[in-house]
Amino acid sequence: MATLPELVVDMIENQSRLRSTIETGLRDLFGGAISGVVSVVYCVSYAAFIFSGPLAPWLGYGIAATFISTTIGASVVALRSSVPFTIAGPDSSTSVVTATLVAAFVQWLVANGATDHVLGSTLFLLALSSALVGILLCGLGLAEAGRAVRFVPYPVIGGFLGATGWLMVSGASQVITDMRLAAANIDALLSPASLSKLTAAAAIAVSLYFGSRRFGNPLVPLGLILAGIAAAHLAFFATGLSITDAQAAGWLFKPEAAVALTLPWNFDELSRFPWPALPPLAGGIIALMFVTVMSVLFNVTGIELETRCEADLERELNAVGSANLLAASLGGYVTCSSLSRTTLNYEIGGRGRLSGLTVAAISGLVLAAGSGFLAYVPKFVLGGLLLYSGLYLLYRWLLDSWRYLSFVEYISLAGIALIIVEWGFIAGVLIGIVVGLATFALSVSRVHAIKFSFDGSEYHSSLDRRPDELALLAEYGREIQGMFLHSYLFFGSANRLHQHVKALLAKQKCRFLLFDFRLVTGIDSSATFSFTQIKQVADQCGARMIFTCLTRDVENAFRATRFFSNLVVAPNLDAALESCENAIIEAHQTHDSEAGTLREWFAEALGGAENADQLIQHCKRIEVRPGEIIVREGDPASSMHFILDGRVGIMVNAVSAPIRVRSLGPHTTIGEMGLITGQPRSATMQAELVSVLYELNASAYERIKRENPSLSHALMTYIITVMAERLSFANRSIGVLQR
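Residues numbered from 1 in each chain as written. Predicted model: local features only at pLDDT ≥ 70, side-chain atom pairs only at ≥ 80, totals over all residues. Heavy atoms only, no water.

Caption draft 1: Summary view of the overall build of the chain. The number of helices and strands found in the chain is 27 helices and 16 strands. The C-alpha radius of gyration computed for the chain amounts to 39 Å, which surpasses the reference 27 Å derived for 739 residues by more than 25%, pointing to a less compact arrangement than a globule. In terms of its C-alpha atoms, the chain occupies a principal-axis envelope of roughly 120 × 90 × 50 Å. By residue count, 50% of the 739 residues in the chain fall in the buried class. Here the analysis covers contacts within the chain between residues at least 6 apart in sequence; of these, 80% occur between residues at least 24 apart. Roughly 34500 Å² of accessible area belongs to the chain as shown, and the carbon and sulfur atoms make up 61% of that amount. In the chain, the 51 positive side-chain charges and the 57 negative ones have mean positions that sit 3 Å from each other. (Helix = DSSP H or I, 4+ residues; strand = E, 2+ residues; numbered from the N terminus. Rg over C-alpha atoms; globule rule 2.2 N^0.38 Å. Buried < 20%, exposed > 50% of the residue type's maximum accessible area, 1.4 Å probe, protein only. Contact = heavy atoms within 4.5 Å. Areas by Shrake-Rupley, 256 points an atom, 1.4 Å probe, with all protein chains shown as cover. Lys, Arg positive; Asp, Glu negative; His and termini not counted. Charge placed at Lys NZ, Arg CZ, Asp CG, Glu CD.)

Quick look at the structure:
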């Protein structure tokens, strides 16, 4: 049973948790309320944008469809998003493409004399396109394929968004004056009546721009919109212009009668819908699907950057896809996550799902109240908001992008934007992708296929050799020419490789051409033809080609050509280098190649036969079989070894299995640093062949230092010489790798 102090502590903790929960809920509620009001303003402007021109008489239906979309989108995304404070609803880019699709549909209806059921068919088209978008988004989310869309070339994205900005500016003009920006409408747009409305809208856009930059407060744009509405009504009052007269003059929207939307998915709508219109509209529907996917990806990425919260991309696609499917079933149109409204909610303090649900509740209330309030909203205020959004996109993607894009990329971006404005989104995106791929191919072809190159005089195998062999490699090692290849090899990069090898063989005698494919991701047929040309040149010069680290696919691609029926493939570069070095040494040796006696080796290394005889007396002869461990990694370093004959591998422990890092041949030394420093063994020494070693243990070494200073000095000089040579080789190898 809990004691009284424990009960008091629990009560205090419960009160603290309750207070924290209430405070969090209030912040979410406040953030959602402000975001909801902003959403109302944006949604009204999008509805006016989509239901303009011939659809203007049915703007009330557009308002209802818009708030259905907002209510469903905000609630579904709030409940299912991986970022709980995400706000969803119709967005600028999707609304522009939706407006373009609807305008093309109405134009088809007029051209084909099918104007008896314009409103119902338009609402059904909006619901159908939303359903298709939802299916695509959910499919991408379930297939975890959302990231694949990120491979769309950047100029295509920039051109699309730049064109979106222009179409939004043109749509703003239609909302304000009932006329789009077009050469045929210039005279009418410059009339005093239209020019005054455009000037008022421009003033709203300018105030939004400078207000946002000057104050940086997310509530400033909302305050400016409300101030613009109030200023318009004060101006009407001051000039004696009544509400009715302002509506008749086009300053205000005309009053909308109460509307009652019906579910679009019924037999009557299906039978009345002009299905022959769908093939001509297929491009617009596909464009809407593409734009919505890209908008979701961009907005989610922007939300991650602005709020420093990691999102699950597949979950976001599923959430927005589900919202579109539900909105379509109830008569709404395309909705997606909103970067601006989500950022606004976050900056105000919203952190939970209550924010999105509050936005949905506000939109639902506006939907229930009807569109009667629209009769008091100045057209130029909403038009100014659209104008500001469109000009921002134009500046960001068509002007500011000049600073950080290459000339070719910027020209591609601007051209794609012009194509979209002139011929539509699908033409622009398809041509943009083709241009992007061509630009990419051109850029990649300029990338050298050789990551770095080397010759046998500066880059050796991991086998430590005796001094006379090292001297031969230093003199004749350039007969080995090696190249580390990388990236994907195709016609452009492989042709540059062919030209490089051709020039190399023209000026350098070469016995072996080594190509390392460890970093090559793939190869096409034109690249194999380039290697065929390289082989022809190599055969003429007497050079032998050796390939290393080939994948199965690359090796099969080579073996499919008749010139590579005898293709030489080594398992790795080290093995290939060792084989080539052996051939070079054998070709250029002019004296007896067998190893000299231990006394001769020591006499040369220590500067005299006397020192050699004395050192031999302190060493112990060891004979080891292949695979036998000489010392183990981590053991005390109690000796050094002189390899008279055979070969010893240096192994280090790895996660899966030991790895050989070096091999040492006859007349080389091992373990000298451990003997001098007294540190534990850093590697395992294992015989690779039958080997004869002479061991100098620590006690003998100490005895030499005490009793024979001249031998100690000669031995230390030899060790320093060996270490200096190894350090020099390491420096040369690092220099090769850093080219």
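Further notes follow.
Caption draft 2: Structural detail: the nonpolar core. Membership of the largest hydrophobic core comes to 112 residues, with the highest contact counts inside it found for Phe51, Leu59, Phe253, Phe380 and Phe425. Core analysis: the second largest hydrophobic core is formed by 28 residues, Ile450, Ala538, Ala543 and Leu550 among them. (Core = buried A, V, L, I, M, F, W, Y, C linked by side-chain atoms within 4.5 Å.)

Caption draft 3: Representation of the sheet that holds strand 15 (residues 684-687). In space, the five strands of this open sheet follow the order 4-13-12-15-10, with mixed pairing throughout. The open sheet has two edge strands, strand 4 (463-464) and strand 10 (629-631), and neither has a second partner. By the bridge criterion, two bridges tie strand 10 to strand 15 in an arrangement that is antiparallel. Its bridge partner lying in strand 15, Val631 is registered against Met685. (Pairing = 2+ DSSP bridges.)

Caption draft 4: Expanded view of a nonpolar patch on the surface. Where nonpolar side chains cluster on the molecular surface, the patch consists of Ile22, Leu26, Leu29, Leu79, Leu354 and Leu357 and spans about 520 Å² of accessible area. Elements with a contribution of two residues or more to the nonpolar patch: helix 1 (4-50) and helix 14 (353-369). A per-element tally of the nonpolar patch places helix 1 first, with three residues. Inspection of the secondary structure assignment puts Leu26 in helix 1. (Patch = residues over 30% accessible without salt bridge, like charges linked within 9 Å, V, L, I, M, F, W, Y side chains within 5 Å. Salt bridge = Lys/Arg side-chain N within 4 Å of Asp/Glu carboxyl O.)

Caption draft 5: Region of interest: the pattern of salt bridges. What the rule picks out here adds up to 16 salt bridges. Linking Asp613 and Arg599 is a salt bridge whose minimum nitrogen-to-oxygen distance equals 2.6 Å. In this pair, Asp613 is assigned in helix 24 (residues 609-618) and Arg599 in helix 23 (residues 598-606), connecting sequence segments 14 residues apart. Classification of Asp613 as partly exposed rests on a relative accessible area of 29%. For Arg621, the salt bridge goes to Glu623, with nearest N and O atoms at 3.4 Å. Each of the salt bridges in this network shares a partner with another, and the network as a whole consists of Arg465, Arg466, Asp468, Glu469 and Glu581.

Caption draft 6: Region of the structure containing the sheet that holds strand 5 (residues 480-489). What the five strands build is an open sheet, ordered 3-5-6-7-8; its pairing is mixed. The open sheet terminates on both sides in strands that have one partner only, identified here as strand 3 (450-455) and strand 8 (569-570). The sheet contact formed by strand 3 and strand 5 spans five bridges and is antiparallel. Paired with Asp455 across the strands is Gln481, a residue of strand 5. The sheet contacts of helix 19 (residues 491-507) involve strand 3, strand 5 and strand 6 (512-523), and relative to strand 5 the element is tilted by about 170°. Packed onto the sheet, helix 21 (residues 552-559) meets strand 6, strand 7 (544-548) and strand 8 and runs at close to 120° relative to strand 6. (Axes fitted to C-alpha atoms, helices over the stretch in contact; angles between N-to-C directions.)

Caption draft 7: Here's a closer look at the pairing of strand 13 (residues 659-664). Taken together, the two bridges between strand 4 and strand 13 define a ladder with parallel strand orientation. Looking at the pairing, Leu463 lines up with Ser663 of strand 13. Of the strand pairs in this sheet, strand 12 (residues 648-652) and strand 13 are connected by five bridges, and their pairing is antiparallel. What sits directly across from Met651, in strand 13, is Arg660.

Caption draft 8: Local environment of the environment of Gly390. Residue position: Gly390 is located in helix 15 (residues 379-399). Looking at Gly390, the relative accessible area reads 0%, which means it is buried. For the pair Gly390 and Ala583, spaced 193 residues apart in sequence, the C-alpha to C-alpha distance is 71 Å. Residues contacting Gly390, with those up to four places away along its chain left out, are Gly165, Met168 and Val169.

Caption draft 9: Spotlight on the pairing of strand 5. Within strand 5, seven of the 10 residues are buried, leaving the element largely enclosed by the surrounding structure. In the sheet, strand 5 pairs with strand 6 via nine bridges, with the strands oriented parallel. Within the sheet, the bridge partner assigned to Met483 lies in strand 6 and is Phe515. Taken together, strand 5, helix 19 and strand 6 constitute a β-α-β crossover, and its handedness is right-handed. (Right-handed = clockwise from strand over helix to strand, strands pointing away.)

Caption draft 10: Spotlight on helix 7 (residues 192-215). For helix 7, spanning 24 residues, the distance from its first C-alpha to its last is 34 Å, which sits close to the expected 34 Å at 1.5 Å a residue. Residues of helix 7 that are buried include every one of Ser194, Lys197, Ala200, Ala201, Ile204, Ala205, Leu208 and Gly211, and no others. The inward-facing, buried residues of helix 7 abut helix 5 (154-177), helix 6 (186-189), helix 8 (220-239) and helix 15. (Expected span 1.5 Å × (residues − 1).)

Caption draft 11: A look at the side chain of Asn324. If you trace the backbone, Asn324 turns up in helix 12 (residues 313-329). The buried category is assigned to Asn324, whose relative accessible area is 0%. Within the structure, the side chain of Asn324 is placed 2.9 Å from the backbone nitrogen of Thr335, a separation counted as a polar contact. Residues within four places of Asn324 in sequence aside, it is in contact with Ser130, Val133, Gly134, Leu137, Tyr333, Val334 and Thr335. (Polar contact = N/O pair within 3.5 Å; in protein donor to acceptor, adjacent residues only side chain to side chain.)

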